[in-house]
Amino acid sequence: MYMLQLMDTYAGGWAVLFIGLLETICIAHVYGAKRFMKDIGLMLGVEYAYGWPYWMACWMALSPVLITAVMLFSWIKYTPMKYGDYQYPAWAEGLGWCMSLFVVLPIFVVPIYLLIAKTKGSFSERVLSLVRPTEDWGPALVQHRQLVTYIPGFIVDPTEQLDENLNSPKTIPLENKQVFKFSNQHINSNV
């Protein structure tokens, strides 16, 4: 029970808040809140999803500020861990902080590795190549990808690739490639 309490406190505490903070920052400011909202509208079949100003404000400002405040207050109010009358020893506290670190560490290690080993160009070009979505990012089905008109250079069918040996277009067959236009009437008729 003592180990479970230790894992519950450290592996699921501030580390999860930190991951949530990074996710909201990445969605709102790296991927773009407007682009994300258009993606949601595409999935729902409307130009903008209902309540979009509220969601944009939450993603861009409210959520990051509140998550940061909760994290800061949890660090300020930190006290060594207890379970009932049992005071955890210093080595157990150290083990708990290591668990938290191992949850968050890949968020920093993997991008640094990719920045150094897997990308080419100047430093700013390498950073931009890692934080921008690729041109083939988007809906999985071609019928839905054809509705994306708000991204310049967007690849409608990512399965069409150049065959390295023949230098000619190669198409991998997909089921159901026909275009499907969304409308509120269609969505409401299936409910």
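Residues numbered from 1 in each chain as written. Predicted model: local features only at pLDDT ≥ 70, side-chain atom pairs only at ≥ 80, totals over all residues. Heavy atoms only, no water.

Quick look at the nonpolar core now. By size, the foremost hydrophobic cluster in this structure holds seven residues: W14, A15, F18, L21, I67, M71 and V104. Mapped onto this core, the elements with two or more residues apiece are α2 (14-44) and α3 (52-76). For this core, the leading source of residues is α2, giving four residues. If we ignore the near neighbours within four places in the chain, the residues touching M71 are W14, L17 and F18. (Core = buried A, V, L, I, M, F, W, Y, C linked by side-chain atoms within 4.5 Å. Buried < 20%, exposed > 50% of the residue type's maximum accessible area, 1.4 Å probe, protein only. Helix = DSSP H or I, 4+ residues; strand = E, 2+ residues; numbered from the N terminus. Contact = heavy atoms within 4.5 Å.)

A separate point is α3. Here α3 contains 25 residues, and its C-alpha end-to-end distance of 35 Å stays within 8% of the 36 Å for a straight helix at 1.5 Å per residue. Most pronounced at C58, the bend in α3 amounts to some 50°. Along α3, the positions that sit buried rather than exposed are M56, C58, W59, P64, I67 and M71. Residues of α3 that are buried sit in contact with α2. (Expected span 1.5 Å × (residues − 1). Bend = angle between axes of the 7 residues up to and from the residue.)

In this section: the environment of K118. Checked against the element boundaries, K118 lands in helix α4 (residues 90-118). Sequence separation between K118 and L130 is 12 residues; the distance between their C-alpha atoms is 9.9 Å.

Quick look at the packing of α4 against helix α5 (residues 123-131) now. Look at α4 against α5: their axes get within 10 Å of each other, and the N-to-C directions meet at 130°. Relative to α5, the element α4 is oriented oblique. As α4 runs across α5, the sense of the crossing is right-handed. Here P111, L114, L115 and I116 of α4 come into contact with α5, specifically with F123, R126, V127 and L130. Residues of the contact of α4 with α5, tallied by class, amount to seven nonpolar, no polar and one charged. (Axes fitted to C-alpha atoms, helices over the stretch in contact; angles between N-to-C directions. Parallel < 35°, antiparallel > 145°, perpendicular 65-115°, else oblique. Left-handed = near helix turned anticlockwise from the far one by under 90°. Nonpolar A, V, L, I, M, F, W, Y, C, P; charged D, E, K, R; others polar.)

Inspection of every chain in the model, using the stated rule, returns 10 aromatic pairs. On the numbers, 5.3 Å between centres and 70° between planes, the contact of Y86 with Y88 is edge-to-face. Under the relative-accessibility criterion, Y88 is labelled buried at 6%. (Phe/Tyr/Trp six-rings, centres within 6.5 Å; stacked < 30°, edge-to-face > 60°.)

Note that all results are geometric; they support no functional claim without further evidence.
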